[in-house]
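Fold and geometry: a report
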Amino acid sequence: MLSPQLEVLFSRSLASLRPVIVSFLIVHAMSLSGGLDQALSPCNVLLVGNFCAAMLVLTLFKPASILREISELPWSIKGLMLLDGALTALISALIFTGLEYTTASNAILIGRMAPVLYALIGALALGTVLAGPVWIGNGFIMVGVLMIVLFSTGGNVNKGDAMMIASTFVFSIVSIIGKKLVARKISMPVLLFARNLSGSVIFFFVAIYLFGVHHFADVFAGSLWMVMLVYAGLIIVVSQWLWYKASAELSSVSMGRWASPAPLVGLTFAYFVNNNIPDSKQLIAGVVILVGIAITTFGKPAPGTQVAEDKRETSSKADLLMQGDNVVSPSV
């Protein structure tokens, strides 16, 4: 019942909690897992979290309907969904590994670059002329992110921050792929099930190849699965559902704008949960980012820019609906 704008805001707010929760799980792994120090390892959290998300979707919606719709999809769409799942797993791997070398606050602030890149790349793909406030606001955000990366390491980019930056680029690509899949009228349960199951399976085999099967020795710990069911339901399923739903109605620039304030939720959560108090350099960079967020969110688009993009997307959706054989009808 939410508006698409609020769906974007809530989606990215939930996503901004991921670094905080992962950091909390890593720090308190021993107590939360009953002494199994590897049960809540980043790899187990990534693998089981995505798998639980896929199973939750399969359980909440009609499994037969989901599997039938997937079987009826053309192979080109199946391949795109497989790529989407693989890149989604890569995003999680970059974030989880990066948190071993940087703080949750840094991860949240750097992550602010993700919707900015999505907005800019998505707009360029559509040939949209961006309004002045969009360029100025996003410019401030990018400068703020660079300040965080350079200030925290004395001018050098550390491994953790570099991984966070890489995750934002992958996110923009995944979001564009997701928007294309939504435009084909594939049902939401199918998108979420395919994304999380394929991501989980791909990551499992890659991790076994790199580290060996012993890397998942504690993967069947009951405490891990109980924590992951809650984590997957709220942080993964609800967040992805709202983002996908909104992307069917909003342009990439609009989504980037409404995603802007979300990191404030993550930073507040990081303070209360992990006691991550931003230092003076982070605060300065954060102010620069907040200025960019304010300009991007409240700045008025120039006539004929955002409106033109929204009309172009509406026309594209209408054309797709008329391509009867090429559109897959939703099953729910």
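A brief look at the structure comes next.

Remarks on a nonpolar patch on the surface
On the surface, a cluster of nonpolar side chains totalling about 450 Å² of accessible area is made up of Trp-135, Ile-136, Phe-140, Val-287 and Val-291. Elements represented by at least two residues in the nonpolar patch include exactly helix H9 (132–151) and helix H15 (280–298). Counting residues per element, the nonpolar patch draws most heavily on H9, at three residues. Structurally, Phe-140 can be placed in helix H9.

With respect to the packing of helix H4 (residues 42–60) against helix H12 (residues 222–247)
Interhelical geometry of H4 versus H12 gives an angle of 65° and a closest axis separation of 8 Å. As the angle between them shows, H4 and H12 are arranged roughly perpendicular. Every pair of crossing elements has a handedness; the one defined by H4 and H12 is right-handed. Across the interface between the two elements, Asn-44, Val-45, Val-48, Gly-49, Asn-50, Phe-51, Cys-52, Ala-53, Leu-56 and Val-57 from H4 touch Leu-224, Trp-225, Met-228, Leu-229, Tyr-231, Ala-232, Gly-233, Ile-236 and Val-237 from H12.

A short note on the environment of Thr-168
Along the chain, Thr-168 falls in helix H10 (residues 159–183). Using a relative accessible area of 1% as the deciding quantity, one classes Thr-168 as buried. Sequence-wise, Thr-168 and Ala-114 are 54 residues apart; in three dimensions their C-alpha atoms are separated by 4.2 Å. Once you skip the residues sitting within four places of it in the chain, Thr-168 turns out to touch Ile-110, Gly-111, Met-113, Ala-114 and Leu-117.

Concerning the packing of aromatic side chains
Summed over all chains, the structure comprises six aromatic pairs. Where Phe-204 meets Phe-205, the ring centres are 5.4 Å apart and the plane angle is 70°; that geometry is what we call edge-to-face. Look at Phe-204 and you get partly exposed, because its relative accessible area is 28%. Its relative accessible area of 54% is what places Phe-205 among the exposed residues. Residues Phe-204 and Phe-216 carry aromatic rings whose centres are separated by 5.5 Å and whose planes lie at 40° to one another, so their mutual orientation is tilted. Separated by twelve residues along the polypeptide, Phe-204 in helix H11 (residues 188–211) and Phe-216 in the loop between H11 and H12 bring together distant segments of the chain. Judged by its relative accessible area of 6%, Phe-216 is buried. One aromatic cluster is present, built from ring pairs that chain together Phe-203, Phe-204, Phe-205 and Phe-216.

Rules used in this analysis
- Residues numbered from 1 in each chain as written.
- Predicted model: local features only at pLDDT ≥ 70, side-chain atom pairs only at ≥ 80, totals over all residues.
- Heavy atoms only, no water.
- Patch = residues over 30% accessible without salt bridge, like charges linked within 9 Å, V, L, I, M, F, W, Y side chains within 5 Å.
- Areas by Shrake-Rupley, 256 points an atom, 1.4 Å probe, with all protein chains shown as cover.
- Salt bridge = Lys/Arg side-chain N within 4 Å of Asp/Glu carboxyl O.
- Helix = DSSP H or I, 4+ residues; strand = E, 2+ residues; numbered from the N terminus.
- Axes fitted to C-alpha atoms, helices over the stretch in contact; angles between N-to-C directions.
- Parallel < 35°, antiparallel > 145°, perpendicular 65-115°, else oblique.
- Left-handed = near helix turned anticlockwise from the far one by under 90°.
- Contact = heavy atoms within 4.5 Å.
- Buried < 20%, exposed > 50% of the residue type's maximum accessible area, 1.4 Å probe, protein only.
- Phe/Tyr/Trp six-rings, centres within 6.5 Å; stacked < 30°, edge-to-face > 60°.

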